[in-house]
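# Examination of the molecular architecture
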Amino acid sequence: MQETGIPTPLESFLRRTLRPAEGFLADMERSAGKRNIPVCRPETSALLRFLVAAKQPGRILEIGTAIGYSTSVMAMSQPDGGRIDTLEMDEARADEAEENFRLLGLSGRINLLRGDALEILPCLTTPYDLIFMDAAKGQYPEYLDHCTRLMVSGGVLVADNVLFMGLSIMEDPVPHKHRTIAVRLRQFLKELCGNPAYETSILPVGDGVAVACKRPECSMHANDRKAE
Ligand SMILES: C[S@@+](CC[C@H](N)C(=O)[O-])C[C@H]1O[C@@H](n2cnc3c(N)ncnc32)[C@H](O)[C@@H]1O
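Just so it is clear, the model here is predicted, and its values are computed rather than measured. (Residues numbered from 1 in each chain as written. Predicted model: local features only at pLDDT ≥ 70, side-chain atom pairs only at ≥ 80, totals over all residues. Heavy atoms only, no water.)

### Re the site of the ligand
So the rule is basically this: Residues are counted as near a molecule or strand when any one of their heavy atoms sits within 4 Å of it. Whenever two N or O atoms come within 3.5 Å, that pair is a polar contact, provided that in protein one can donate a hydrogen and the other can accept it, and provided that, for residues adjacent in sequence, both atoms are side-chain atoms. Only the protein chains shown count as cover for residues, with accessible areas throughout obtained via the Shrake-Rupley method and a probe of 1.4 Å. In the scheme used here, Gly and all other residues not listed as nonpolar or charged are polar, with Ala, Val, Leu, Ile, Met, Phe, Trp, Tyr, Cys and Pro taken as nonpolar and Asp, Glu, Lys and Arg as charged.
Around the ligand there are 22 residues in total, and Cys40, Gly64, Glu88, Ala117 and Asp134 lie nearest to it. Here a nitrogen atom of the ligand and a side-chain polar atom of Ser70 are 2.8 Å apart. In this structure, Asp134 approaches the ligand through a side-chain N or O atom, which is 2.7 Å from a nitrogen atom. For the ligand, whose accessible area on its own is 610 Å², the fraction buried by protein is 91%. Of the residues belonging to the shell around the ligand, the class tally is 11 nonpolar, five polar and six charged.

### A word on the packing of aromatic side chains
The line we're drawing: Ring pairs shown here join Phe, Tyr and Trp side chains whose ring centres sit within 6.5 Å, with only the six-membered ring taken for Trp; geometry is labelled stacked below 30 degrees between planes, edge-to-face above 60, and tilted in between. A run of H or I in DSSP becomes a helix once it reaches four residues, and a run of E becomes a strand once it reaches two; helices and strands are each numbered from the N terminus. Residue burial is assigned from relative accessible area. The probe radius is 1.4 Å, only protein chains are included, and a residue is buried under 20% of its type maximum, exposed over 50%, and partly exposed in between.
Enumeration according to the criterion identifies two aromatic pairs in this entry. Between the aromatic rings of Tyr140 and Tyr143, the centroid separation amounts to 6.0 Å while the plane-to-plane angle is 45°, which identifies the pairing as tilted. With Tyr140 and Tyr143 both in helix H7 (residues 140-150) and three residues apart, this pair spans about one turn of that helix. Under the relative-accessibility criterion, Tyr140 is labelled buried at 0%. Note on Tyr143: relative accessible area 1%, which makes it buried.

### What to know about the pattern of salt bridges
Test applied: Any Lys or Arg side-chain nitrogen located within 4 Å of an Asp or Glu carboxyl oxygen qualifies as a salt bridge.
Per the counting criterion, the structure on display carries 13 salt bridges. Measuring nitrogen to oxygen at the nearest pair gives 3.9 Å for the salt bridge that ties Asp207 to Arg41. Of this pair, Asp207 sits in the loop between strand S6 (198-203) and strand S7 (209-214) while Arg41 sits in the loop between helix H2 (23-34) and helix H3 (42-55), and the two are 166 residues apart along the sequence. The residues Asp207 and Arg41 share a single accessibility class, namely buried. One salt bridge connects Asp85 with Arg59, and the closest N-O pair in it is separated by 3.2 Å. Of this pair, Asp85 sits in strand S2 (residues 83-88) while Arg59 sits in strand S1 (residues 59-63), and the two are 26 residues apart along the sequence. Judged by relative accessible area, which is 5%, Asp85 ranks as buried. Classification of Arg59 as partly exposed rests on a relative accessible area of 26%. Residues joined by salt bridges that share partners form a network here, namely Glu91, Asp95, Glu98 and Arg114.

So far we have only geometry, and geometry alone does not tell us how the molecule works.
In structure tokens form, the structure reads like this:
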């Protein structure tokens, strides 16, 4: 999608072709759209469903809950007994997400942690099988070090909006209001793709999604790697 919000012909085709959200999930998608609450795009949601169905992750970490749309998409594809920890700093969105989890019967398996991800992530110790990064785009480089520490060997990292309406691949000058985010996203992609702990691909799905698998033999912290 361009900055205008108008879907590209490819996006329109994907949305006509991929299985759409149904029932209450479709209501959440519409409600978020009407109120300009950023939730992942339908084709990104299909990718999340696919990854969770293929990987069957018992423990998921999500950074950036909003109203709990992607959390619910993942929870519904997770194996029985699966758990999701999800981080959100906006109180009103967190309240709405918890109500949505209740209405969907998912409250028992989702743990919403309220506050700034940069303060919560250093306190987490649970190993995760899949991490979905979708909070402040300018903070992705900081989130990455925590994800590397928290991810099990063979775990999968998914980061949304990495192409940022095409602005992160734009030759300079990037329009001033987006420059910092574009620079930070480029830094994130460079660090992720250059990190031998990960096998990484960048998919031009939705607003751009980076997918990375942590190699089984690499369990070192990203900073230790950089220092080598
Ligand atoms: C793109 S939305 C998440 C959308 C959600 N993953 C979905 O697809 O349904 C990003 C969310 O991250 C939250 N956020 C931004 N920076 C954050 C931070 N530092 N810590 C916690 N949450 C943050 C915002 O309040 C916002 O609700």
